[in-house]
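Observations on the three-dimensional arrangement
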Amino acid sequence: MLIWPDCIPCILKMSLEVARQAMKDESQLTSFMQEALEVTHLRGGDWAVTPPELIRDIWLKINEISGDGDPLKEMKAEQNRQALELYPLAKELVSKSRDPLLEAVKLAVLGNSRDFMGNGNEEPIGEIVGRLPKLVVRPEAVEELRRRLGEARRLVYLGDNCGEIVFDRLLIEVIRDTYDPEITFITRSVPILNDATLEDALAVGIDRVARIMENGIPEPLPATLLSKVSPELKALIEESDLVIAKGGGNHDILTEEGDLNDKVSFLVLAKCHPYCTIHQLPLGGLIVHNS
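Described below are features of the structure shown in this document. (Residues numbered from 1 in each chain as written. Predicted model: local features only at pLDDT ≥ 70, side-chain atom pairs only at ≥ 80, totals over all residues. Heavy atoms only, no water.)

**Some points on the sheet that holds strand β6 (residues 286-290)**
Paired through their backbone hydrogen bonds, the strands of a sheet run either parallel or antiparallel. Spatial strand order, β3-β2-β1-β4-β5-β6: six strands in an open sheet with mixed pairing. Bordering the open sheet on either side are β3 (211-214) and β6, each of which pairs with just one other strand. Across the sheet, the axes of successive neighbouring strands diverge by a mean angle of 20°, strand direction being ignored. Sheet topology places strand β1 (residues 154-158) next to strand β2 (residues 182-187); five bridges connect them, and they run parallel. (Pairing = 2+ DSSP bridges. Helix = DSSP H or I, 4+ residues; strand = E, 2+ residues; numbered from the N terminus. Axes fitted to C-alpha atoms, helices over the stretch in contact; angles between N-to-C directions.)

**Thoughts on the packing of aromatic side chains**
All told, the structure shown has one aromatic pair when counted by the stated rule. The lysine or arginine in question, R169, covers the ring of Y87, its NZ or CZ lying 4.5 Å from the ring centre. (Phe/Tyr/Trp six-rings, centres within 6.5 Å; stacked < 30°, edge-to-face > 60°. Lys NZ or Arg CZ within 6 Å of the ring centre and 35° of its normal.)

**Thoughts on helix α3 (residues 51-66)**
Along its 16 residues, α3 runs 22 Å from first to last C-alpha, staying within 8% of the 22 Å computed at 1.5 Å per residue. Burial analysis of α3 places 12 of its 16 residues in the buried class, which makes it a mostly covered element. Contact partners of the buried residues in α3: α1 (7-22), α2 (26-36) and α11 (247-257). Positive backbone phi, approximately 75°, marks G67, located one or two places after α3. (Expected span 1.5 Å × (residues − 1). Buried < 20%, exposed > 50% of the residue type's maximum accessible area, 1.4 Å probe, protein only. Contact = heavy atoms within 4.5 Å.)

**Focus on the side chain of R169**
When you line up the elements, R169 lands in helix α8 (residues 164-178). A relative accessible area of 10% places R169 in the buried class. A polar contact of 2.9 Å, which involves the side chain of R169, links it to the backbone oxygen of V204. If near-sequence neighbours (up to four positions away) are discounted, R169 is found in contact with Y87, V204, G205, I206, R208 and V209. (Polar contact = N/O pair within 3.5 Å; in protein donor to acceptor, adjacent residues only side chain to side chain.)

See the structure below:
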């Protein structure tokens, strides 16, 4: 997905909020905003860019001006801590449900609300678990995902945000118990926003349920750009039977690349107008999209 008009104010607001956490004084903040407002894509001068690529360019400016390569590090650790506190309750709800896979998928998508692109309006993580029984997802999409899981022997799981990855762990556990494929969980190599790195994935115990691998992308990109991943990951994806792609960044990039047709399943929360329009869902809807 290339940027929509909606992406410009959204990215600017997100950038300002991150910059306030990263920068020491108002003069730095002013310098950053002056530079950000010179970016052609943020002035409507060029629409041929995906949101993750635009966020990368803005993030690099924040790094340069603040001198901090991971300004949200403490926030990421807190998001993981909060989610881990809810993990036992979430696991109990899923295991006791009539359809553990469906409930685990719903919870994994709901966890995507921890995205920093939510601009401060993220749902409290405790309420995420509480709303689980009331939410629905398109049955035909879930059935296609079941079919793919039933045939998959090698699964690549593209992770997204901190906090959310605790619920990814739970979904992976259900997939392993039901289908037992070989699963590799992918993290970012370079810190960007509140996206999960290898350190974060280890902190929430994903190594207990899957192999973990960094994507090898040598820049702060909040997505999986296949042309920039490591040769090892590229080969792994090519050899895999199924790719589960979490979050908006992976959705935006991979729907443009088109190299994974017929074997990528996106799990995303419809948290903005473009996603709602593309997938014909209301705001807050649960997206399971099998490409």
